[in-house]
Amino acid sequence: MKCKYCSRRGEVTIPYARLTLCKEHFIEFIQRKVLRTIKRYNLIKPGDKILVAVSGGKDSITLLQLLSEIRKTINYDLYVLHIDLGIGEYSKSSRTLVESYTKQLGLPIIILELKKILGYTISEIAKKLKRPPCSICGIIKRYLFNATAIELKATALATGHNLDDIATFILKEFFAQNLTGIWKLQPYNESYKDIVAARIKPLYETYEEEIRKYAEFMKLPYMQEKCPYYKPTTLDNVLKQKIKEVEEGFPGITIGLIRRFIKNIDKYPRPKTSFLKCRICGLASSGEKCSYCKLTEKLLGEPMGYKTREYIKSLIKELK
Ligand code: SF4
Ligand code: ZN
Ligand code: ZN
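Residue positions are given per chain, counting from 1 as you read along its sequence in written order. Chains and ligands are labelled by the order in which they are written, letters from A for the one and numbers from 1 for the other. The predicted origin of the model limits local features to residues at a pLDDT of at least 70 and limits the giving and counting of side-chain atom pairs to 80 or more, whereas totals for whole chains, interfaces and linings rest on all residues. Water and hydrogen atoms were dropped before computing side-chain values, which therefore reflect all heavy atoms in the structure.

(A) The arrangement of the nonpolar core in detail. As used in this record, nonpolar core signifies buried Ala, Val, Leu, Ile, Met, Phe, Trp, Tyr and Cys residues forming a set joined through side-chain atoms within 4.5 Å. Residue exposure (1.4 Å probe, protein chains only): buried if accessible area is under 20% of the type maximum, exposed if over 50%, otherwise partly exposed. Core analysis: the biggest nonpolar cluster contains 100 residues, and Leu67, Ile140 and Leu144 have the highest contact counts within it. Helix and strand definitions here come from DSSP, where helices need a minimum of 4 consecutive H or I residues and strands a minimum of 2 consecutive E residues; each element is numbered from the N-terminal end. Looking at which element gives the most residues to this core, the answer is helix H6 (residues 133–152), with eleven residues. Throughout, a contact is declared for two residues whenever any of their heavy atoms are within 4.5 Å. Other than its neighbours up to four places away in sequence, Leu144 contacts Leu81, Ile83, Leu112, Leu114, Ile117, Tyr292, Thr308 and Ile312.

(B) Local environment of the site of ligand 1. When at least one non-hydrogen atom of a residue lies within 4 Å of a molecule or strand, that residue is treated as near it. Residues in contact with ligand 1, as listed here, are Leu85, Cys134, Cys137, Lys141, Cys227, Tyr229 and Tyr230. In the scheme used here, Gly and all other residues not listed as nonpolar or charged are polar, with Ala, Val, Leu, Ile, Met, Phe, Trp, Tyr, Cys and Pro taken as nonpolar and Asp, Glu, Lys and Arg as charged. Each residue belonging to the shell around ligand 1 can be placed in one class, and the counts come to six nonpolar, no polar and one charged.

(C) Main features of the packing of helix H2 (residues 58–70) against helix H8 (residues 208–217). Lines are fitted to the C-alpha atoms to define the axes, a helix being fitted only along its stretch in contact, and any angle between axes, read from their N-to-C directions, falls within 0 to 180 degrees. Between H2 and H8, whose axes approach to 10 Å, the crossing angle comes to 65°. Taken together, the axes of H2 and H8 are roughly perpendicular relative to one another. Between H2 and H8 lies a crossing of left-handed hand. For the pair H2 and H8, the contacting residues are Lys58, Asp59, Thr62, Gln65 and Leu66 in the first and Glu208, Ile211, Arg212, Tyr214 and Ala215 in the second. Among the residues forming the contact of H2 with H8, the class breakdown is four nonpolar, two polar and four charged. When describing relative orientation, an angle under 35 degrees is termed roughly parallel and one over 145 degrees roughly antiparallel, while 65 to 115 degrees is termed roughly perpendicular and anything else oblique. By definition, turning the near helix anticlockwise from the far helix through less than a right angle yields a left-handed crossing, and turning it clockwise yields a right-handed one.

(D) Highlighting the environment of Val238. With respect to the secondary-structure elements, Val238 resides in helix H9 (residues 235–249). On the basis of relative accessibility, which here comes to 38%, the residue Val238 falls in the partly exposed class. Once the C-alpha coordinates of Val238 and Thr168 are considered, the two residues, 70 residues apart in sequence, prove to be 9.2 Å apart. Here Val238 is in contact with Pro232 and Thr233, once residues within four sequence places are set aside.

(E) Spatial organisation of the coordination of the zinc ion (ligand 3). Think of the donor list as every N, O and S atom within 2.8 Å of the metal, or within 3.2 Å for Na, K and Ca; water never makes the list, so a site can look incomplete. Within the first shell, the zinc ion (ligand 3) binds the protein through Cys278 (SG), Cys281 (SG), Cys290 (SG) and Cys293 (SG), at distances of 2.3 to 2.4 Å. Geometry is assigned from donor-metal-donor angles: four donors are tetrahedral when every angle falls between 85 and 135 degrees, four are square planar and six octahedral when opposite donors sit over 155 degrees apart with all other angles between 65 and 115, and any other arrangement is irregular. For the zinc ion (ligand 3), the four donor atoms in the first shell make angles of 103 to 119° at the metal, so the coordination geometry reads as tetrahedral. Coordination of the zinc ion (ligand 3) draws on donor residues from a single chain, spaced C-x2-C-x8-C-x2-C in sequence. For the pair shown, Cys290 and Cys293 are each scored as buried.

(F) Seen up close, the packing of helix H5 (residues 122–129) against H6. Contact pair H5 / H6: the axes reach a minimum separation of 9 Å and the direction vectors enclose 115°. Handedness of the H5/H6 crossing: right-handed. Note on element contacts: H6 touches H5 through Pro133, Ile136, Cys137 and Ile140, opposite Ile122, Ile125, Ala126 and Leu129.

In structure tokens, the structure reads:
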């Protein structure tokens, strides 16, 4: 079958859009689609300072390439953030890959090495605290993302969440009937004073399979292997697989869910919009101390939020 727009052979079929495209037109299709998402939800404006979190996986590497490309259309500053979790060879390869690709794009990068910040890797912390590595990792990454965006005075932190991720999280919150939790699944989450950074998800309307194809056609360098702690049997991963199966039988059903979700967002109960300030580090918290300060206090006998922010500040100074 031929490409819809030229005489070349079609290489990708996009069932929900009833389109068959050649490689070149597919690349254009994705770039336009992401730019449209950015404009539709007003995610980035000229003059913004965007910090993009890049793990080295296909989604974040694709996001980085696209955000770098889109700067030709919208004029904004772009900074890269990579967290070295210290998970053996996996972290070493991810860091090398992200560093070299960022250099190739000519962008500034902030690398936060957990071993340097806390003296321990994720695996070591999990063992010491007798907790699953992913729950520790989630708390630490969330904190470091937010703290870096705040210290950099970034307009927003961009993450590589794709359409399948969002649909999965919506269903997960729905199963748990955590209807206020659904609010954070919008493409744009506002900042709060100087304690919560704004977050954007430019791949919000892009299917994971489209990202995979785009990365392959663009020959983007990304980590093929997953983190050794990744488990396909978690609720998130099982749900995501099921959503993919439903999408195969009913093309377009996932994007339909996302669009209706955004349209109906006001019908869900609003979460409280005020936060407390952590007594130690001054960033957002639900109580006296934030989760990061509590976790590091358990680990080291001293809450590390303030020191971590100072360390990030010093790295940012070196950038300039
Ligand atoms: Fe962290 Fe778990 Fe993801 Fe590995 S799989 S990066 S430990 S959250
Ligand atoms: Zn074509
Ligand atoms: Zn704190």
